[in-house]
Amino acid sequence: MSPNILDDKIISIMRVSQLYCPTLKEAPREAEVISHQLMLRAGMIRKSAAGIYSYLPLGYKILRKCEAIIREEMNVVGAQEVHLPMVTASSLWQETERWDKYGKELLRFTDRHNNEFCLGPTHEEVITDLVRNELRSYKQLPVNLYQIQTKFRDETRPRFGLMRGREFLMKDSYSFDADEESLAETYITMIEAYKRIFKRFGVEFRVVEADSGSIGGSSSAEFMVLADVGEDLVIECPDCMYAANTEIFGDLKPESLCPSCNGANLSETRGIEVGHVFKLGQEYSKKMKATFVDKDGRPKPFMMGCYGIGVSRVVAAVIEQSHDHKGIKWPFSLAPFEVVVMISKTKDEVLYEAGERLYKDLQASGADVLLDDSSDSIGFKFKDADLIGIPIQVVVGRQFLESQEVEIIQRLTGEKTVMSYKDVISYVQTLVK
RNA sequence: CGGGGCGUGGCGCAGUCUGGUUAGCGCACCAGUUUUGGGAACUGGGGGCCGGAAGUUCGAAUCUUCUCGCCCCGACCA
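Residues numbered from 1 in each chain as written. Chains lettered and ligands numbered in written order. Predicted model: local features only at pLDDT ≥ 70, side-chain atom pairs only at ≥ 80, totals over all residues. Heavy atoms only, no water.

**Description of the overall build of chain A**
Right, so step 1: Each helix and strand in chain A was counted, giving 13 helices and 23 strands.
Right, so step 2: Taking the principal axes of its C-alpha atoms as reference, chain A extends roughly 80 × 60 × 45 Å.
Right, so step 3: For chain A, the proportion of its 433 residues judged to be buried stands at 51%.
Right, so step 4: Restricting the contact set of chain A to residue pairs at least 6 apart, pairs at least 24 apart contribute 66%.
Right, so step 5: Across chain A, the 54 positively charged side chains and the 65 negatively charged ones have centroids separated by 2 Å. (Helix = DSSP H or I, 4+ residues; strand = E, 2+ residues; numbered from the N terminus. Buried < 20%, exposed > 50% of the residue type's maximum accessible area, 1.4 Å probe, protein only. Contact = heavy atoms within 4.5 Å. Lys, Arg positive; Asp, Glu negative; His and termini not counted. Charge placed at Lys NZ, Arg CZ, Asp CG, Glu CD.)

Have a look at this one:
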């Protein structure tokens, strides 16, 4: 029908009959935790090597939705997106002495000229090098740069699928301020932005006090998604909302008094670290001689901050928090599709036509919709839709033949509604919002 | 890096202890027919050098040695 061949191709990947999404009834044995099992079963990821994964169309789409939310919130606070190299020269790392300190986690190699490089596990050196010669005046500050990029850390023991991979996707920001006061403002702004991001991901999280000593005498906070498989222990006080990571504050026990309000109701839970913000101060700018000219005409090292979000890890964390025995329960914000239109009997021309039309109408209304036009039985379609976790399932089936009605099932609540075919678009719009 | 476990069609497994027809089962895949509201049924079919190497033996998925890969616990994780 469409005169544009390209449009047809784009649309065709939103049909189950064309979608590359190999789902599995059983989880591969290697997968221990639920998020790993479900992502494998739902055809979102596949392992390539230990701690290294490929993202299939659905997995990649989820990642992109995650990125989009992060971008929006970063841009709102005036951070600017850049893209730094993944392969980084040893000379930069030698300036901060991390070439020696970082250890085996840094994956090193040499090029044909025998120059040493590593795959970037983090980018303080690269970003500091980028700005040190061209960010010159206090008048330009503050500047906040971020990127969303693949990182590589050669962990001794990668585990739990995307939770602790060697290769993973990370959003990292670096801020440059003129003084401590300004850095403090940037730091608070970023914490607030992070809170909005994790709220939009639909997860229950805590902002916890983290190590403040080793990096340069200022503060650090971690964003923890609460989950049983979390590798960190979080202690929190219900009286004053104080929370801390016990791996860092080893002396803090559930029976201790709250260091913030002296209350005696501390409790311990497990958490997955999905974000970490630091005040770096002048740690890197001093070592790398990255200075700007201040009001008094004299050079000063930048006051730096760095702010990370484990993008691929947060996807796993969301699943850990939101699933049931049938599969994943995505919030609308991250779901690979918002709606799936299921044709109960594809061979029935009336149903097929109706499903096709509803799919196109929903798409025109702006919904992110998948059409299940496969010849599988309706039971099979239900199982896959539940596993993948599409929030709204619309069934074009026998009610349609009888009374022009379709059934709408909500994945999160299990609520089922039968309504007239023509009312579906507006109903879906109110659900998605 | 210490300890433990596992490698058999794409996935899940049996067979290994006690060597012996043609390596088997479920799912998935292909063809056909009948099906279609919660992972349909039947019939027929394709796909494996049992992780790799060396050895013992008339004979190795099975025993021995080495090696590679993967998973779990711990240590480690700006």
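Here the narrative resumes, following the displayed structure.
**With respect to the domain arrangement of chain A**
Right, so step 1: Parsing chain A into structural domains produces domain 1 (5-19 + 337-432) and domain 2 (34-324).
Right, so step 2: Measuring from the centre of the C-alpha atoms in domain 1 to the corresponding centre in domain 2 gives 39 Å.
Right, so step 3: The partner domain 2 presents eight residues to the six residues of domain 1 that form the contact.
Right, so step 4: Both sides of the domain 1 and domain 2 interface together cover about 720 Å² of buried area, and 59% of this is carbon and sulfur.
Right, so step 5: There are three salt bridges connecting domain 1 and domain 2.
Right, so step 6: Between Asp-324 and Arg-411 there is a salt bridge, with its nearest N and O atoms 2.7 Å apart.
Right, so step 7: Across the domain 1-domain 2 interface, the total number found is three residue pairs in polar contact (both at pLDDT 80 or more).
Right, so step 8: The class makeup of the residues in the side of domain 1 that touches domain 2 is four nonpolar, no polar and two charged. (Domains from an automatic or database assignment. Buried area = accessible area lost by both parts, 1.4 Å probe. Salt bridge = Lys/Arg side-chain N within 4 Å of Asp/Glu carboxyl O. Polar contact = N/O pair within 3.5 Å; in protein donor to acceptor, adjacent residues only side chain to side chain. Nonpolar A, V, L, I, M, F, W, Y, C, P; charged D, E, K, R; others polar.)

**Some points on the packing of helix 3 (residues 57-76) against helix 9 (residues 311-321)**
Right, so step 1: Where helix 3 contacts helix 9, the axes come no closer than 10 Å and their chain directions differ by 110°. Classified by the angle between their axes, helix 3 and helix 9 sit roughly perpendicular to one another. For the crossing formed where helix 3 meets helix 9, the hand is right-handed. When helix 3 is examined against helix 9, the residues Ile-62, Leu-63, Cys-66, Glu-67 and Ile-70 are found in contact with a partner set consisting of Val-311, Ser-312, Val-314 and Val-315.
Right, so step 2: Of the residues that constitute the contact of helix 3 with helix 9, the class distribution is seven nonpolar, one polar and one charged. (Axes fitted to C-alpha atoms, helices over the stretch in contact; angles between N-to-C directions. Parallel < 35°, antiparallel > 145°, perpendicular 65-115°, else oblique. Left-handed = near helix turned anticlockwise from the far one by under 90°.)

**What about the pairing of strand 6 (residues 116-119)?**
Right, so step 1: By the bridge criterion, three bridges tie strand 4 (residues 87-89) to strand 6 in an arrangement that is antiparallel. When the bridges of strand 6 are listed, Ala-89 appears paired with Phe-117.
Right, so step 2: Examined bridge by bridge, strand 5 (residues 108-110) and strand 6 share three bridges and lie antiparallel to one another. Within strand 6, the position partnered with Phe-109 by the bridge is Phe-117.
Right, so step 3: Counting the residues in the hairpin turn of strand 5 and strand 6 gives five residues, including Asn-114, whose phi is positive at 70°. (Pairing = 2+ DSSP bridges.)

**Some details on the sheet that holds strand 4**
Right, so step 1: Spatial strand order, 4-6-5: three strands in an open sheet with antiparallel pairing. Either end of the sheet is taken by a strand with one partner, and the two such strands are strand 4 and strand 5. Strand after strand, the sheet turns through a mean of 40° between neighbouring axes, direction not considered.

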